[in-house]
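One-letter residues, chain by chain:
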Amino acid sequence: MSTLAKTVSLLVCSNLFMTFAWYAHLRNLRDRPLLIAVAASWGIAFFEYLLQVPANRIGYGVMHLAQLKILQEVITLSVFVPFAVLYMGEPIKLDFLWAAFCLLGAVYFMFRA
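Residues numbered from 1 in each chain as written. Predicted model: local features only at pLDDT ≥ 70, side-chain atom pairs only at ≥ 80, totals over all residues. Heavy atoms only, no water.

### Observations regarding the overall build of the chain
The condition is simple: Numbering of helices and strands starts at the N terminus; helices are DSSP runs of H or I of at least 4 residues and strands are runs of E of at least 2. With a 1.4 Å probe rolled over the protein chains alone, any residue whose accessible area is under 20% of its type maximum counts as buried; one over 50% counts as exposed, and the rest are partly exposed. With residues, only the protein chains shown are counted as cover, and all accessible areas are computed by Shrake-Rupley using a 1.4 Å probe.
Along the chain, the regular secondary structure elements total four helices and zero strands. Counting from the amino terminus, the chain carries its helices and strands in the arrangement α-α-α-α. Referenced to the eigenvectors of the C-alpha coordinate spread, the extents of the chain come out at roughly 50 × 35 × 20 Å. Buried positions account for 26% of the 113 residues belonging to the chain. Of the roughly 7600 Å² of accessible surface on the chain, a fraction of 71% belongs to carbon and sulfur atoms.

### Considering the layout of surface pockets
The gaps of empty space that remain are located by a probe, the size of a water molecule, rolled over the atoms. Just so we agree on the cut-off: Only protein atoms enter the calculation, which uses a 1 Å grid: trapped sets of points that fit a 1.4 Å probe without letting it out are cavities, open sets showing protein on both sides within 12 Å along at least five of seven lines are pockets, and any residue with an atom within 4 Å of a point is a lining residue. Grid points are joined across faces, edges and corners, and a volume is the space filled by probe spheres set on the points. Residues are grouped as follows: Ala, Val, Leu, Ile, Met, Phe, Trp, Tyr, Cys and Pro are nonpolar; Asp, Glu, Lys and Arg are charged; every other residue, Gly included, is polar.
Taken as a whole, the largest pocket holds about 210 Å³ of empty space. Considering the residues around the largest pocket, the lining is formed by L11, M18, E48, Y49, Q52, N56, L65, L68, K69, Q72, E73 and T76. Ranked by residues supplied to the lining of the largest pocket, first place goes to helix 3 (residues 65-87) with six residues. Here the residues of the lining of the largest pocket sort into five nonpolar, four polar and three charged.

### Comments concerning the packing of helix 1 (residues 3-28) against helix 2 (residues 34-59)
To keep it simple, the criterion reads: The angle between two axes is taken between their N-to-C directions and runs from 0 to 180 degrees, where each axis is a line fitted to C-alpha atoms and a helix contributes only its stretch in contact. Comment on the angle field: the value is read as roughly parallel under 35 degrees, roughly antiparallel over 145, roughly perpendicular from 65 to 115, and oblique elsewhere. In a left-handed crossing the near helix is turned counterclockwise from the far helix by less than a right angle, and in a right-handed crossing that turn is clockwise.
Direction vectors running N to C along helix 1 and helix 2 enclose 165 degrees, while the axes themselves pass 8 Å from each other. For the element pair helix 1 / helix 2, the angle class is roughly antiparallel. Considering how the two elements wind past one another, helix 1 and helix 2 form a crossing that is left-handed. By residue class, the composition of the contact of helix 1 with helix 2 is 15 nonpolar, eight polar and two charged.

### Thoughts on the packing of helix 1 against helix 3
What describes two packed helices is the angle between their axes and the distance between those same axes. At a minimum axis distance of 9 Å, the contact between helix 1 and helix 3 shows a crossing angle of 45 degrees. One element, helix 1, and the other, helix 3, form an angle in the oblique class. As for how helix 1 packs across helix 3, the hand of that crossing is right-handed. Of the residues belonging to the contact of helix 1 with helix 3, the class tally is 16 nonpolar, six polar and one charged.

Below you can see the structure in the form of structure tokens.
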């Protein structure tokens, strides 16, 4: 597997954990004390970091820092939109498409020669 593929794979998995850590408590722990939600989120985030830190170390070997950050943002939106719609029951919005176009612009500027 190429270095870029390893980086992307780890970042996608990391983002799944991150998205659940940041937002799933809004659905699952809404009626629980805040401290419980925070502890659960931190517990999930631990596994995010087990994937995210190696992904960034691997990716930094073949990408510049800004490229790595923009890649992370593209992956974040790619994970967040299905999570918001399928798991949280949010409506699909045209704004998701416009945000994706903005990120494509960012990708262009960060990865151009």
